[in-house]
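# A closer look at the structure
Spelled out, the chains give:
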Amino acid sequence: MPIPHAMSEELESRLAAVEGLAGRVAMARVKDGVATVMLDATGLSAEQRAGLERQVRAVTIALPGVGETRVAMTAEKIQRTIVAIGSGKGGVGKSTVSANIAVALARMGRKVGLIDADIYGPSQTRIMGNANRPELIDQQIVPVPTHGVRMLSLGQLIEPGTAVAWRGPMTASALTSLMEGDWGDCELLIVDLPPGTGDVQMTLIQKWKPAGAVIVSTPQDLSLMDATRAIDMFRKMDVKVIGLVENMAGYACPHCGETSDPFGSGGAEAAAGVMGIPFLGRIPLRMAIRKASDAGRPPAAGEGEEADIFRALAVALLEQLKEAAHAA
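A brief report on the enclosed structure follows. A quick note: this is a predicted structure, and the numbers were derived from the prediction, not measured.

### Things to note about the pairing of strand S5 (residues 112-116)
Most of S5 is tucked away, with 5 of its 5 residues classed as buried. What you see with S5 is no split at all: Val112, Leu114 and Asp116 on one side and Gly113 and Ile115 on the other are buried throughout. The pairing of S5 with strand S10 (residues 188-192) spans 5 bridges and is classified as parallel. Bridge assignment links Leu114 to a residue of S10, and that residue is Ile190. The sheet contact formed by S5 and strand S9 (residues 149-153) spans 4 bridges and is parallel. Within S9, the position partnered with Ile115 by the bridge is Leu152.

Okay, structure coming up:
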């Protein structure tokens, strides 16, 4: 009969030789025909954890004298940076901005998750072009990858066109399911909030305090008035507002090239200066952005001027996050 100590060494050696297991085996031993392996699964998704377990079992089943395999996994809690993107009112392009910033960050090499927390009006499935239903593994929803970003939205869980008529506790429960999904090694979570200052915003801030908030507004006074309320809410709840984005800023006529300002001009940048908030940039009112969003092809996923606009916003956002971290 093989010596238990020698068998444990042989098991460790075989596991170390398997690609993907190196550095993750915390303990491996064989005793009384039972192989026990403990793995460090920090940052891995449910699918990746299952893959590791399959690899371990493939090794142990080929080890003479082993009749049973026990696999345990441990994981350190990953500290993720949460960025809330909100607006004082609907219709200002907040979800489009959220989706494209997430995609731009992913293209810059960041590991990004996008949470569509607009419980009553989820739209990220359309903007990101993916309404696939996520899996539920080990009581966690597994985000769906799209355009280099992992995404969860209530729109993936309900039939299209279904009205969501929920009271506060149900919206809080839905938000919890999304926030506590299996985000694997995501380092940044972009949370697309519903417009206004309601239950979802309060629950997010109280349970998963964001590192910062970004407010989206059009240049017009009416939109800015509502954006000010959203800013006031974040400030009162001690969440730093790290940027203001001006959307629908200027329209260039495709026929004559003349630029007009149907929603005004420069209002958000001026308001940011008055309130002492960083101005992250402006996005013009363009048919190309609207068409791409409706078609599920976020402009940030492509090339050209529109992609560059959102990349610049993503760069500015990262700079503000860095400054906020240093000031903390």
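### Describing the pairing of strand S12 (residues 241-247)
In terms of residue burial, S12 counts as a mostly covered element, since 7 of its 7 residues are buried. Sheet analysis places strand S11 (residues 212-217) next to S12, joined by 5 bridges and oriented parallel. Bridge assignment links Val216 to a residue of S12, and that residue is Val245. In the sheet, S12 pairs with strand S15 (residues 279-283) via 4 bridges, with the strands oriented parallel. The residue of S15 that forms the bridge with Val245 is Gly281.

### Some words on the environment of Leu39
Within the element layout of this structure, Leu39 appears in strand S2 (residues 34-40). For Leu39, a relative accessible area of 0% translates into the label buried. Each C-alpha atom of the pair Leu39 and Arg24 lies 5.3 Å from the other, and the pair is 15 residues apart in sequence.

### Things to note about the nonpolar core
Membership of the largest hydrophobic core comes to 37 residues, with the highest contact counts inside it found for Ile115, Met179, Val191, Leu193, Leu204, Ile215 and Phe234. Breaking this core down by element, the ones donating at least two residues are strand S4 (81-86), helix H5 (168-179), S10, helix H6 (199-207), S11, helix H7 (221-236), S12 and helix H8 (267-275). Ignoring any residue separated from it by four or fewer positions in sequence, one finds Ile115 in contact with Leu152, Leu178, Met179, Trp183, Leu189, Ile190, Val191 and Asp192. Judged by nonpolar contacts, the second largest core, of 36 residues, contains Val97, Val149, Leu188 and Leu321.

### Thoughts on the packing of H5 against H6
In the contact formed by H5 and H6, the axes pass within 9 Å of each other and the chain directions differ by 50°. By the angle class used here, H5 and H6 are oblique. The way H5 lies across H6 gives a crossing that is right-handed. Of the residues in H6, those in contact with Gly168, Thr171, Ala172, Leu175, Thr176 and Met179 of H5 are Asp199, Val200, Thr203, Leu204 and Lys207. Of the residues in the contact of H5 with H6, the class split is 5 nonpolar, 4 polar and 2 charged.

### Overview of the environment of Gln201
If you trace the backbone, Gln201 turns up in helix H6. When the C-alpha atoms of Gln201 and Leu39 are compared, they prove to be 37 Å apart, with 162 residues separating the residues in sequence.

About the thresholds
Numbers given to residues run from 1 along each chain, matching the order in which its sequence is written. Note on the predicted model: pLDDT of at least 70 is required for a residue's local features to be given, and 80 or more for side-chain atom pairs to be given and counted; whole-chain, interface and lining totals, by contrast, use all residues. Side-chain numbers come from the whole structure's heavy atoms, not from hydrogens or water. For every residue, the accessible area (1.4 Å probe, protein chains only) is compared with the maximum for its type, and the residue is labelled buried under 20%, exposed over 50%, or partly exposed between those bounds. Numbering of helices and strands runs from the N terminus; a helix is a DSSP stretch of H or I covering at least four residues, while a strand is a stretch of E covering at least two. In this scheme, strands are said to pair when DSSP sees at least two bridges between them. Only buried Ala, Val, Leu, Ile, Met, Phe, Trp, Tyr and Cys residues count toward a nonpolar core, and they belong to the same one when joined by side-chain atoms within 4.5 Å. Note on contacts: a residue pair qualifies if any of its non-hydrogen atoms lie within 4.5 Å across the two residues. Only C-alpha atoms enter the line fits that serve as axes; for helices the fit covers just the stretch in contact. Angles between N-to-C directions range over 0 to 180 degrees. Comment on the angle field: the value is read as roughly parallel under 35 degrees, roughly antiparallel over 145, roughly perpendicular from 65 to 115, and oblique elsewhere. Definitions for this section: a left-handed crossing has its near helix turned counterclockwise from the far helix by less than a right angle. A right-handed crossing has that turn clockwise. Note on residue classes: Ala, Val, Leu, Ile, Met, Phe, Trp, Tyr, Cys and Pro are nonpolar, Asp, Glu, Lys and Arg are charged, and everything else, Gly too, is polar.

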